[in-house]
Amino acid sequence: MYALTGHKCLELAFAMSLLCWADCSPSAQDDLAPLELQFHSLDFRNVLHWKHPHKAVKNLTYFVQHKIYGDKEWTISEQCQGIRVLECDLSQATSDPREWYYARVRSLSSEGFSSWVLSHRFYPQWETNFSPPQMKVTVTGRTISVQIRPPRTPLRGQRGSRIRVTKLQKLTFRIYLMHNDVEEEVYETDSCSKELVIEGLRQKTTYCLQAVSITPRSGRKSLRSPSTCISTH
């Protein structure tokens, strides 16, 4: 077996160190890579956000790709190529709430491309937040009828209308009934119920209602809706 002399060993070690420096040392372009990639999701509007690198450079543009967890190939996010804004709407690319997704972003300057920066693994069903439902309130005598309209996703159905979030995620809705700014009653209904009827109220009294959306499995709640007020007869 061929044995290396001390001199040859030093030469080999020096050559290896040069190769490692060329392959492993950080590129100057990594200083221009985007920072803190995060998905923000509301009603399944899934938007990837990132921050400008600390080393600010004029005319910096960004390129985005995405893929489903487990796929080998990345897909170019067509609407987010050479953009200057710090976000990319990936709602259509991440439309199945039960899939896991990744995204990655790199920047381009006059010096060339930065390295790719990877997002966290994104699962829409767990990570999206919901808006409160809209309410249409009518009164008949001492009875209030509340029509509940769930929030809608940015996705569109076959007829072109936006799909309700309840098509993709089971929700319950909580209605707060107040009089004189005091919470008197709390009502809850599932996403299949289109109307809530509240009977036996006081005559000639003003009531205000607010609503929240709740994810049953996690218990996560939306913000309360603005108050809708109505007076009984």
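Here is what the cut-offs are and how they apply
- Residues numbered from 1 in each chain as written.
- Predicted model: local features only at pLDDT ≥ 70, side-chain atom pairs only at ≥ 80, totals over all residues.
- Heavy atoms only, no water.
- Helix = DSSP H or I, 4+ residues; strand = E, 2+ residues; numbered from the N terminus.
- Buried < 20%, exposed > 50% of the residue type's maximum accessible area, 1.4 Å probe, protein only.
- Contact = heavy atoms within 4.5 Å.
- Areas by Shrake-Rupley, 256 points an atom, 1.4 Å probe, with all protein chains shown as cover.
- Salt bridge = Lys/Arg side-chain N within 4 Å of Asp/Glu carboxyl O.
- Pairing = 2+ DSSP bridges.
- pLDDT = per-residue confidence, 0-100.

1. Remarks on the overall build of the protein
For step 1, the next point in the chain: Each helix and strand counted, the protein has 2 helices and 17 strands in total.
For step 2, the next point in the chain: The buried share among the 233 residues of the protein stands at 39%.
For step 3, the next point in the chain: Considering only contacts in the protein between residues 6 or more positions apart, those separated by 24 or more positions represent 59%.
For step 4, the next point in the chain: Taken as a whole, the protein presents about 14,500 Å² of accessible surface, with 51% of it coming from carbon and sulfur.

2. Let's talk about unusual backbone geometry
For step 1, the next point in the chain: A positive phi angle, near 65°, is found at Asp 181, a position not held by glycine.
For step 2, the next point in the chain: By secondary structure assignment, the location of Asp 181 is in the loop between strand 13 (172–179) and strand 14 (182–190).
For step 3, the next point in the chain: Given the relative accessible area of 77%, Asp 181 is considered exposed.

3. What about the pattern of salt bridges?
For step 1, the next point in the chain: With the rule as written, the count across this model stands at 5 salt bridges.
For step 2, the next point in the chain: In this structure, Asp 89 engages Arg 45 in a salt bridge whose closest nitrogen and oxygen atoms are separated by 3.4 Å. Of this pair, Asp 89 sits in strand 5 (residues 87–89) while Arg 45 sits in strand 2 (residues 45–51); the two residues are 44 residues apart in sequence, bridging distant segments of the chain.
For step 3, the next point in the chain: Overall, the relative accessible area of 33% leaves Asp 89 in the partly exposed class.
For step 4, the next point in the chain: Judged by relative accessible area, which is 39%, Arg 45 ranks as partly exposed.
For step 5, the next point in the chain: Across the pair Glu 183 and Arg 224 runs a salt bridge whose closest N-O atoms are separated by 3.1 Å. In this pair, Glu 183 is assigned in strand 14 and Arg 224 in the loop between strand 16 (206–214) and strand 17 (228–231), connecting sequence segments 41 residues apart.
For step 6, the next point in the chain: Exposure remark for Glu 183: the relative accessible area of 40% places this residue in the partly exposed category.

4. A closer look at the pairing of strand 6 (residues 101–109)
For step 1, the next point in the chain: Summarising burial for strand 6: 7 of the 9 residues are buried, a large majority.
For step 2, the next point in the chain: Relative to strand 6, strand 3 (residues 61–68) runs antiparallel, the two sharing 8 bridges. Bridge assignment links His 66 to a residue of strand 6, and that residue is Ala 103.
For step 3, the next point in the chain: With 2 bridges joining them, strand 6 and strand 8 (residues 117–118) adopt antiparallel strand pairing. Its bridge partner being in strand 8, Val 105 is matched across the sheet by Val 117.
For step 4, the next point in the chain: Pairing of strand 6 with strand 7 (residues 112–113) involves 2 bridges; the strand directions are antiparallel. Bridging from a neighbouring strand, Ser 109 pairs with Gly 112 of strand 7.
For step 5, the next point in the chain: As consecutive antiparallel partners, strand 6 and strand 7 are separated by 2 residues.

5. Things to note about the confidence of the model for the protein
For step 1, the next point in the chain: For the protein, the average pLDDT comes to 88, and 88% of its residues sit at 70 or higher.
For step 2, the next point in the chain: Considering only residues more than four positions removed or in separate chains, one finds that residues 8–28, a stretch of pLDDT under 50, has 3 contacts.

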